[in-house]
Amino acid sequence: MTEPGQLPAPSDPVANEDDDESQLERLRWLEQMHRAAPGTDWRAIERANRNAERLRRNALATGMASPPPTGWSWEEVGSRNQAGHTRCAAYGPERPGGRRLYVGSANGGLWEADLDGSGWTPLSDELFGGVDEVVALAPADLADPDVLLMRQGASLLRSDDGGATWTLPAGSGLASARTLTLLPGAVPTVLLYGSTGGNSVLLASTDRGLTFQVRKSWPSTWPGDLWVPQVGPNAGQHLFVYQGGSVRRSLDGGVTWASGGSPVSGSEGHLTGSEAGGGTTLYTVTRNGGSWVLHRSDDQGVTFSGPRSLPEYWGSQRSLCGFSADPDRLVTGGVNGYRSADGGQTWTQINSWGEYYGSPATKLHADLRGIDVHPHPDGPAFGDIVYFNTDGGTYRSTDGGATVQNLCLVGLGVGQFYSTKSGSGNPDRIHGGTQDQGYQVGNKVPSTGPGPSTSFTQVISGDYGHLSTHASGSLNRVYAPYPGFTLVVSGGLPSTQSADFPPGASHLWLPPVVADPTNYGSFFFCGRRLWRQSSPNWTATQHSSTDFGAGAGAYLSALAFSPVDPQLAWAANDAGRLWRSADGGVTWTESPQGIPGSHYFYGNCLAPHPTDPLRVAASGSGYSTAGVRLSTDGGVTWTGLTAGLPATMVYDVAWSVDAPDDLFAATEAGAYHYDASTQSWSNAMGSEAPATTYWSVERVPSGGLMRFGTYGRGIWDLVLEQEPPEVTRYCSPNVQNSTGAPGRLELTGAVSASSTDLTLTATQLPAGQFGMFLCSRTSASLPFAGGSFGILCLGSPIGRYQTAIQNSGSGGTIDLTLDLTAMPLQPPVAVAPGETWFFQAWYRDANPLPASNFTDALQVQFP
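The shown structure was predicted, so the numbers you read here are calculated from the model rather than taken from an experiment. (Residues numbered from 1 in each chain as written. Predicted model: local features only at pLDDT ≥ 70, side-chain atom pairs only at ≥ 80, totals over all residues. Heavy atoms only, no water.)

Asks: Mind laying out the overall build of the protein, listing which residues take part and the relevant values?
Replies: When helices and strands are tallied, the protein shows two helices and 67 strands. Its C-alpha atoms give the protein a radius of gyration of 29 Å, near enough to 29 Å, the size a compact globule of 863 residues would have. Oriented by its inertia axes, the alpha-carbon framework of the protein measures out at about 95 × 65 × 55 Å. Across the 863 residues in the protein, those meeting the buried criterion constitute 60%. For the protein, the proportion of contacts with a sequence separation of at least 24, taken over those separated by at least 6, is 54%. By element, 52% of the accessible surface of the protein is carried by carbon and sulfur atoms, the whole surface being about 30,600 Å². For the protein, the distance from the average site of its 50 positive side-chain charges to the average site of its 76 negative ones is 3 Å. (Helix = DSSP H or I, 4+ residues; strand = E, 2+ residues; numbered from the N terminus. Rg over C-alpha atoms; globule rule 2.2 N^0.38 Å. Buried < 20%, exposed > 50% of the residue type's maximum accessible area, 1.4 Å probe, protein only. Contact = heavy atoms within 4.5 Å. Areas by Shrake-Rupley, 256 points an atom, 1.4 Å probe, with all protein chains shown as cover. Lys, Arg positive; Asp, Glu negative; His and termini not counted. Charge placed at Lys NZ, Arg CZ, Asp CG, Glu CD.)

This is how it looks when you write it as structure tokens:
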């Protein structure tokens, strides 16, 4: 662990972030969060939610239904350059224009690209969940898209229209699925191996995955594996199954089977092989007690030698892979990746996972979830291609793992975000906390088409959530917990510190922290007790004597202060209990909820209303009780908001920016909108936003939008308020200032030559600096005008609002209501209907030397 007050640089990853105990703690945290009544299977509920969304999306794609008109629009933000967890890779059949590469992600669906990783495109935004394995087949007509089959756990899904719709193949239902692969042939046979009804079964499809039939079954559900040669003289005939601790082989496409040897007794097994030398070499990996052991066979599984050691092992079916061109070559993976040239007798580490942070293009990210080795599409003379699927995207190697190339540095939008935080005056400055890809900072780039628009910088590695800022909303100080300490992010560039958790405090795996609304240099830590930590040393003191874990609960799971009155606070724990405070969280009164099943409510979020101190919403697990509840009397009483909302986990709620009493929810089942006028919820994803887990939502008033963080598809903005059609933004973004972001100009009010409420606001300026607004009848582009760092975007003559010079204050903003009858030219003039005017703001800055800068600019056409 790092010393108090210090953090490793981005190239020096956080210690122990990927150890087994941390992974187990995270899984326990997720299970605890999905609190439900005994006998309630929350996973089965979510499977039903996901299937309902699949059917809704299919209906939209085929014209059988239309999304209700809202006037809203979705924009994909990113990250564009920081890919998340991927699981599998395969390439499609040969066709005019070349083969396609398909990559499956953890919770961001299936993607396709050119073989070099350029042009990433999502193919399953209509489906929830990740992709464990994928196969692609040639369609009957090569003018049609590839036929795609992908495995999501035990479920198999098929698309023959480029991912527009997905169906469940007949006969493919299994209780547990292990392996999806192809048996080569003129018309390839799709094979699915798993178990159902107490038997291990091999299912086969000869009609491009439309229907499946049982080709073979064995009276055991032992979790084994299937391997099929893809090239060579035996391809299309030989099959090998590791089942019940023994290798079984078929030499006639699965019609007849013979039993082979048993390398070692164990509880689970994986199988791979090599097509080289007649396809006689097989490798098994078996879970034997608490470890995995490797064995080799050179006679098609009749006898085995070993055991041989594995340096690490993740434990998935494709954690070990052989090569078609060399029976002695292997690759394996756990936290790190390894290669062997002697059948696993010795191993060479490809790179230490920490090296990724200094060389992400050529060093593997940590956690190899699956490895795919495919014969080179240009023929056996070119050997094999290895795809390493990691928690930071997919890599390709053409030399057996000696070197690797990151294919996901541009456009693979599968980031797993727990939380986002945007600047109070600047909707484009974004901080984000993620799983596996650390704490990220970016400036939103306007979208120019499909795909993520914005690249992010990873400030520090690890897993971060619950981002919190001071009541002003300034991003100059952000607090974010990591399992073990609280990250303190300061300034626009930014700089970082760490604050150790309070000594001896009981808390969640990723405990909430909340910025002190009355003190820029303090934050609250939520455990069984409420703690307050203050700079410069982040010393912890117990803020309240209340025991929030008394009774059925264990910890505080949510805390919030009113933006209207910081003395008003609300708290929730992991067992459905809610409290209110009127003295800044020192003393607390528990609120009787009166909602059925409230003790099955895990309180995940509290959202005080931005202007009404008596109105507050709470959200959490909604499988056995209301997932969202509302109080209009300051938390004394609560009412469940359930109409139209599926039973699901509601991770986060936020008040709408365009309707004061409406809510938006980020849930396990997607994004939802609560209409206060109808008192009901509706699906907010339409047909534009991806079907995935939405983990966070925040209101961004300065951008007229709701910003969602998804766990698998990055950050998405739901734009509720569009800029008027008379307004065009240009020179955007301008040169960034000392906050690390560019200044931004906003215009509100009615666009009319007779308007009296048209207001300019300059945001994301350095704090405590002077600025003024400018206007002109013409535009320009003049870098370094007047010694400025920025670009002057107005032409001569320029009007200066010199009598309205302002200080940006702690929030970094200035504003001015325009007098359109006296525009400050020489002499002053009035705006006439039909005229076009241009506006910009100038401000003082130090970047790093004292100088000045400019915001972006607005062109306004007065009707």
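Moving on from the coordinates now.
Asks: I'd like to hear about the nonpolar core, residue by residue, with values.
Replies: Ranked by internal contacts, the top residues of the largest apolar core, which has 27 residues, are Phe773, Tyr801 and Phe839. A per-element tally of this core places strand S65 (residues 836-846) first, with four residues. (Core = buried A, V, L, I, M, F, W, Y, C linked by side-chain atoms within 4.5 Å.)

Asks: Quick one: what's the story with the side chain of Gln533, residue by residue and with numbers?
Replies: With respect to the helices, strands and loops of the structure, Gln533 is situated in strand S39 (residues 530-534). For Gln533, a relative accessible area of 0% gives the class buried. Reaching out from Gln533, the side chain makes a polar contact with the backbone oxygen of Trp538 at a distance of 3.1 Å. When sequence neighbours within four positions are dropped, the list of residues in contact with Gln533 reads Ala499, Asp500, Pro502, Gly521, Ser522, Phe523, Phe525, Trp538, Thr539 and Ala540. (Polar contact = N/O pair within 3.5 Å; in protein donor to acceptor, adjacent residues only side chain to side chain.)

Asks: A description of the packing of aromatic side chains should follow, citing residues and the corresponding values.
Replies: Tallied over the entire structure, the rule returns 32 aromatic pairs. Between Trp29 and Tyr418, the aromatic rings sit 5.9 Å apart at their centres with planes inclined by 75°, giving edge-to-face as the arrangement. One end of the pair, Trp29, is in helix H1 (residues 20-33); the other, Tyr418, is in strand S29 (residues 417-422), and 389 residues separate them in sequence. By relative accessible area, which is 3% here, Trp29 ends up buried. Ring centres 4.9 Å apart and planes at 75° place the aromatic pair Tyr418 and Trp695 in the edge-to-face group. Pair noted here: Tyr418 is in strand S29 and Trp695 is in strand S53 (residues 694-700), with a separation of 277 residues, a long-range link. In this pair, the class of Tyr418 matches that of Trp695, namely buried. Joined through ring pairs, the aromatic side chains of Trp29, Tyr418, Trp509, Tyr651, Trp695 and Tyr711 make up one cluster. Its guanidinium or amino end placed over the ring of Phe601, Arg629 lies 3.9 Å from that ring's centre, counting from NZ or CZ. (Phe/Tyr/Trp six-rings, centres within 6.5 Å; stacked < 30°, edge-to-face > 60°. Lys NZ or Arg CZ within 6 Å of the ring centre and 35° of its normal.)

Asks: A description of the state of the cysteines should follow, citing residues and the corresponding values.
Replies: In the structure shown here, the tally under the stated rule is one disulfide. The disulfide bridge from Cys731 ends at Cys793, spanning 2.1 Å between sulfur atoms. Here the disulfide of Cys731 and Cys793 is left-handed, its torsion about the S-S bond being about -105°. Linking Cys731 in the loop between strand S56 (727-730) and strand S57 (744-748) with Cys793 in strand S61 (residues 791-794), this pair joins segments that are 62 residues apart in sequence. The exposure class assigned to Cys731 is partly exposed, which follows from its relative accessible area of 22%. Using a relative accessible area of 0% as the deciding quantity, one classes Cys793 as buried. Cys793 supplies the cysteine sulfur nearest to Cys775, a cysteine that is in no disulfide, at a spacing of 14 Å. Overall, Cys775 belongs to the buried group, its relative accessible area being 0%. (Disulfide = S-S within 2.5 Å.)

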